[in-house]
Each structure stands twice: as C-alpha cells, then as structure tokens.
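# Summary of the model geometry
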Amino acid sequence: MGTDNDLVEVLSKDWQNIGDKLKERIYKHYWGYLMGVALRYVSDRDTAGMVVNDSFMKIFSNLAAFECADMENFNKLLKGWMAKITARTALNEIRKYKNGALRESLTDEHDWRFPVVLQDNLYIENVWDLINNLSPNYRKVFTLYEIEGFNHDEIAELMGITASSSRVYLARAKEKLKMLYRTLMV
Amino acid sequence: MDSEERKLINEIRDGLYDFEIPYEDGNWENFKKLYEERTPEGHRKRRKTLIIRLKYISAAALIGALVHMPWNDTEKVGMKQYRIFEQAGADTKDKEITLQLLNNRDTLVAPPSAGHPIEQTPKIASLTEPRLHDHIVIEPNASEMMPPPISPTIVEDKATYPSWQKEPIATLESQGGYTPASGRWKFGLEVNSSLTTYRPNVAAGILAQFEVAQKIKLSTGLTYSRISAIHDTDPVQLSYDTKMVGTKSLIKAIDIPLSIVYEPTDGWYASVGVSALAVLDEDKFYRMESEVLQENVMMDPENGASISVFEVVKNEYSERSTDTDFEGRSNLRYLNLSIGRKQRFNKNTDLLFEPFIKIPMGGLQRGDVNLLNSGIKVKVLF
C-alpha cells in the first residue's frame, strides 16, 4: 500500500474508475476523518460508524459524479464533498430517531488520543468543548454552515426548519461561541 | 463579522478539519460485506463471481470426463478385441481346444503375445475383412453362413449357425463401452412430494440428464412446485377477542435445479446441487383465532323454565395478507441433497426413487419461515 500522497495523486488522475483495491485505500484513508464529521452530529461511536459506512456507500456509488474545478486542492475539495455526504447521512439518521438519544450533546467518550494544537493554544478538546456547549440545533446549524459549507436554504431543507430560523440559530450560535471562547481563554 | 469571531471560526474549522480518529482494523471488511449486500454493483460482482465459479466447476467436470472416458473405453474395447483374437488364434491352431465363453465382467485376458499373427490388426473394422473370417468363425466349412458384417454387438447364436459345434468363443457387447455425446443425454419426468411440511408439497416437472463420465452425471430440469410454509411467529393478541396465531404462505414457483449425480455402483446414486426458484404467485395468510361468547337457551327439565347457558366458542379463520415475502424477489435458492435407487424398467426406461432434502439458501433463508423441505421424488428417465 502506498503513501497517503500517492493515494491522492492516483485518485486525482482518475477518480471515476476505481477498483476494489483503491476503494479499500480510500476507505481506510478517509474513515477517521469522516468519523470526525459524523461525530459532530451524532453522539455515540457505533452510530457514527454506521453513518460513515452508509456515507461510503453513497461516496463509492457517486464518486464518478464528483467534480473538481481546482486540481491543486483536490484533496481538500474531495474531503469537503465527502463531509457533506456524511453530514446529510448523519442528519437523516438523526431524523429517523428524532426523539431518541441521538440528539444528546457530544460527551467525553470521544477519543482524544491525538489532540491537535491550534493557534493560541486552543486544543481540539477545547474546540469540542465549545461545540458541545451549544444546544443541538445551534451546533448543527453552525457546523453545517461554517464547517460543511451548506447555505441556509440547504440547511433549512436538511433540518426541516425555515431558512430564517437557520440564520437566527447561526447568529446565536456564534454569540454563544464567542462568549464561551472568552471564558475559555481567560 | 469582527476579527475575533472570524479567528474563532477559523480555529474551530481548522481544528475539526484536522480531527481524525485512528482507523480501526476490521472496519473495511465489515463495510465490504455490507456494500456487496446492499448495492447493485456488489450484487453484480457476487453474481459474476458465482458464474465464474460455476464455469470453472463445469469446465473441470468436462475435462475430467474427457480425460476419464477415452482411457476407459479404449481399455475395454481393446481388451475385448484381444480376447477374441486370442481365442480365435487358439482355435485356428487347435480346433479341439474349447474355450469357455467369458462373460463381460471377466477381464483377465492377456494381451497378445509377440509373434501372434493377429495382434497386428486389433481393430474392430478388421473383423469384417474376409481374410480374418477364419479367425473369427472357427468352423471351416461354414463360410457361406457367415454372420453379417460385424455390429457393435457380436453375440454367438447357435440357432443361426446350425453347423456350429463348438462352445461359443466370445461375446463382444457395446454395453459399458464408448457412447457418443448424443447418446449420453436422457430425458424424463419427475414428481415429488414432501413429508416435512405441515401440508404435503407437490411438484412435477421435466428433467434432463447428461452422462459426463461413467459415474458422474449432470442433471437439470424445470419443476412446477406448490410450496406451503409456516411462519415461525409468536401469537399476537390483536384485540380482546381476536388473536393472530400464525402465518402461512402458499407459493407457486418454478424450480430450476442443477445437480451433479454420482453413481458409484450400478443402481445407487447420490446427488448434490442448487436450484433457483422463480416465484410465480404467493399467497400469505394470517391464521386468526377469535373467541366469541355464545348464548344457548335451554329448557330446565324440572320446571320448564328457559335458562341461558353461555359458552366460549373458538373460531379459527384465515385472513389474506396484502404483502408477500418472496414474490418478485431474486436470489431465491435451494441447496438440494439426495440419494436414490435406479431400477431398470425396460431396455430404455429407468425408474428412480430418490429421497431428498431441500435446504433454503439466499433469499429463502429467513428465520421466521420454515422452507426446509424433504420427501421423495419419483423419476422416469428415457
């Protein structure tokens, strides 16, 4: 098995026609990232794993439809495309169990084995703390808009709310994040 | 948006973008299984693999047959020829020596020895040549009564050759010898009835059998089956007086089997194969049970007054379901296992009795429906 850079290079040349071996490499390479995406929406790892597997099915079935306008940022665009699919899949999963435990906020059970140091010493744990302190709807709207790049109309459709509600949730989420950030950095 | 907000959002975005969970072993294997089950691409791949496997098996069986048959046949024909020539040669040397007729099973015949005049032409065709007649028919003055040119079966017949005084010298029969491909096909009819289901299933159809090798045959066919199956479900109380006590399905289907038949001894055989089931029609019924309080008016024999006696009457009835479990579904398969006894009925007809078991596979393998089927088949092969 080649390196990650090899994979991205091979993939960027011909992602429309991939065989089983390449699928396996793609799965193993992006699984961890998509688990991170799924965990922004669902709280337990088993459900996140299920969401990731469902997402990969959609990814492999529709990879030929992926369009890349900027080949220099192929990996970034591909990750974004995959993350969008995963976010949609996770939200569909949440919709199935609307009153179930999936709406609970993220807890400490996440795996922090590889903390990532951010600017100004904001650790990934802190990022998750910030995100987890948002109410479920704020969190969803914030991640869908700011992280995944959906617009308010798409978020409205995905969450079954109006676009104006989505705007309000986003504004409130940002306010709350700023407040929490100030507290955290003090 | 102020700079503080922008900075915060960027930090969160970067943090989440780089956040990954280490890959856990075994996830790809689990995913691959799911992917093959759920997606049409996976289905196609599995079907392709199955077809390739079947092709390999068929090719191996055919190669096996081709390798096996010529050796056997050459050996048998050769031995029988040697025997005739050996005996004929002996007779021409000494007319007083009588050779016992050896039956088919006797293979203790030595090949012609060096210097034996006949060994140079050990071919059936050569038996028709006039110069060899005296090797075959020992009676020297019986040339006008020569049998017609040799046929695959040479059977000595005293009635045909009245001047024949010797014991018969040899029998050459085509039985067990080489059979052309067209002669290795057999066709027939089959009926079967199962014993294990709550109601006997009946099936009837046509079948074809191809003799791949002396002991191995491939069998296929087309059988129309009526299958009844009980669903293994717990009773459900639907209302205070009505209970659903079970479910049954009645399926009309075409069963297309492909089996390998191994016949180690003459008359006994075992077979293993798979069959694909195409469901033509399916009726699913819920078996309901209701308890009704029934009032019976009776006359008191002592004072003639009428009294009411209540009793609970149980009614059982079936209610047709609108949904089906198998109709329109693909990948409905049975694993077929059987053993059987073949009985020669007449020269061209065999009668076969075959206890069988059909084990559901693929889409038929549902935990709540008992489609395991066993019984006895009666086949006639022509």
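See the structure above.
Please read all numbers here as calculations on a predicted model, not as lab measurements. (Residues numbered from 1 in each chain as written. Chains lettered and ligands numbered in written order. Predicted model: local features only at pLDDT ≥ 70, side-chain atom pairs only at ≥ 80, totals over all residues. Heavy atoms only, no water.)

In terms of helices and strands, chain B carries four helices and ten strands. In sequence order, the secondary structure elements of chain B are arranged as α-α-α-α-β-β-β-β-β-β-β-β-β-β. Here chain B holds 382 residues, and the buried ones make up 33% of them. When contacts within chain B are restricted to residue pairs at least 6 apart in sequence, long-range pairs at least 24 apart make up 60% of them. Total accessible area on chain B stands at roughly 23,200 Å², and carbon and sulfur atoms take up 58% of it. (Helix = DSSP H or I, 4+ residues; strand = E, 2+ residues; numbered from the N terminus. Buried < 20%, exposed > 50% of the residue type's maximum accessible area, 1.4 Å probe, protein only. Contact = heavy atoms within 4.5 Å. Areas by Shrake-Rupley, 256 points an atom, 1.4 Å probe, with all protein chains shown as cover.)

Turning our eyes to something else, we now look at the interface of chain A and chain B. Contact with chain A, which involves 45 residues of that partner, is made by 31 residues of chain B. Counting the surface lost from both chain A and chain B, the interface buries some 3,800 Å², and carbon and sulfur atoms represent 65% of this. Looking at the side of chain A facing chain B, the largest losses of area belong to Trp31(A), Met57(A) and Lys178(A), adding up to 15% of the total buried there. The interface formed by chain A and chain B includes five salt bridges. As a salt-bridge pair, Lys174(A) and Glu5(B) come within 3.7 Å of each other at their nearest N and O atoms. Listing elements by their share of the side of chain A that touches chain B, those giving two or more residues are helix H2 (20-38), helix H3 (45-62), helix H4 (74-96), helix H5 (124-132), helix H6 (136-148) and helix H8 (163-185) of chain A. At eleven residues, the largest contribution of residues to the side of chain A that touches chain B is made by H2(A). Class assignment for the residues of the side of chain A that touches chain B results in 22 nonpolar, seven polar and 16 charged. (Buried area = accessible area lost by both parts, 1.4 Å probe. Salt bridge = Lys/Arg side-chain N within 4 Å of Asp/Glu carboxyl O. Nonpolar A, V, L, I, M, F, W, Y, C, P; charged D, E, K, R; others polar.)

Another point: the packing of aromatic side chains. Applying the stated rule across the entire model yields 17 aromatic pairs over all chains. For the pair Trp31(A) and Tyr23(B), a centre-to-centre distance of 5.8 Å together with 85° between the ring planes defines the contact as edge-to-face. With one member in each of two chains, Trp31(A) in helix H2 and Tyr23(B) in the loop between helix H1 (3-18) and helix H2 (27-38) form a pair that bridges those chains. According to the relative accessible area criterion, Tyr23(B) is partly exposed, its value standing at 24%. (Phe/Tyr/Trp six-rings, centres within 6.5 Å; stacked < 30°, edge-to-face > 60°.)

Relative to the assigned elements, Ser194(B) resides in strand S1 (residues 185-194). A distance of 3.2 Å separates a polar atom in the side chain of Ser194(B) from a polar atom in the side chain of Asn373(B). (Polar contact = N/O pair within 3.5 Å; in protein donor to acceptor, adjacent residues only side chain to side chain.)

Right, let's get into the environment of Asn346(B). All names here are of chain B. For asparagine 346, the position within the fold is in the loop between strand S8 (332-344) and strand S9 (350-362). Placed 36 residues apart in sequence, asparagine 346 and phenylalanine 382 show a C-alpha to C-alpha distance of 9.7 Å. In this structure the side chain of asparagine 346 is engaged in a polar contact, spanning 3.0 Å, whose partner is the backbone nitrogen of asparagine 348. Among the polar contacts listed, one links the side chain of asparagine 346 to the side chain of threonine 349, at a separation of 2.9 Å.

Right, let's talk about the pairing of S1(B) for a bit. All names here are of chain B. As paired elements, S1 and strand S2 (residues 202-211) share nine bridges and run antiparallel to each other. Looking across to S2, one finds that valine 191 is bridged to alanine 204. Direction of pairing for S1 relative to strand S10 (residues 373-381): antiparallel, over a ladder of seven bridges. Within S10, the position partnered with asparagine 192 by the bridge is lysine 377. (Pairing = 2+ DSSP bridges.)

On to the pattern of salt bridges. In the structure shown here, the tally under the stated rule is 18 salt bridges over all chains. For Arg6(B), the salt bridge is made with Glu146(A), and the minimal N-O distance between the two is 3.8 Å. Separated into two different chains, Arg6(B) in helix H1 and Glu146(A) in helix H6 make up a pair that spans both. Residue Arg6(B) is classed as partly exposed on the basis of its relative accessible area of 29%. Judged by its relative accessible area of 5%, Glu146(A) is buried. One salt bridge connects Lys252(B) with Asp281(B), and the closest N-O pair in it is separated by 4.0 Å. One end of the pair, Lys252(B), is in strand S5 (residues 242-265); the other, Asp281(B), is in strand S6 (residues 268-299), with 29 residues separating them in the sequence. Taking relative accessible area as the criterion, Lys252(B) reaches 27% and is therefore assigned partly exposed. With a relative accessible area of 28%, Asp281(B) lands in the partly exposed category. Taken together, the shared-partner salt bridges in this structure form one network comprising Glu146(A), Lys174(A), Glu175(A), Lys178(A), Glu5(B), Arg6(B) and Arg13(B).

Next up on the list: the nonpolar core. Among the nonpolar cores identified, the biggest contains 65 residues, and Leu11(A), Ile26(A), Phe56(A), Phe60(A), Phe142(A), Leu144(A) and Ile12(B) are the most heavily contacted of them. Looking at this core element by element, the count peaks at ten residues for H2(A). Beyond its immediate sequence surroundings of up to four residues, Ile26(A) is in contact with Leu7(A), Leu11(A), Ile18(A), Trp31(A), Phe56(A), Phe60(A), Leu63(A) and Met82(A). (Core = buried A, V, L, I, M, F, W, Y, C linked by side-chain atoms within 4.5 Å.)

Residues and elements named next belong to chain A. At their nearest, the axes of H4 and H6 sit 11 Å apart, and the two run at 165° to each other. With respect to their mutual orientation, H4 and H6 come out roughly antiparallel. Once H4 is placed against H6, the crossing between them reads as left-handed. Across the interface between the two elements, Ala83, Lys84, Ala87, Leu91 and Ile94 from H4 touch Lys140, Leu144 and Glu148 from H6. In the contact of H4 with H6, the residues fall into five nonpolar, no polar and three charged. (Axes fitted to C-alpha atoms, helices over the stretch in contact; angles between N-to-C directions. Parallel < 35°, antiparallel > 145°, perpendicular 65-115°, else oblique. Left-handed = near helix turned anticlockwise from the far one by under 90°.)

Residue and element names in this part refer to chain B. Over its twelve residues, H2 extends 16 Å from the first C-alpha to the last, a length consistent with the 16 Å expected when each residue adds 1.5 Å. The complete set of buried residues in H2 reads Asn27, Trp28, Phe31 and Tyr35. The buried side chains of H2 occupy one side of the element, clustering within an arc of 85° when seen end-on. (Expected span 1.5 Å × (residues − 1). Arc of directions from axis to C-beta.)

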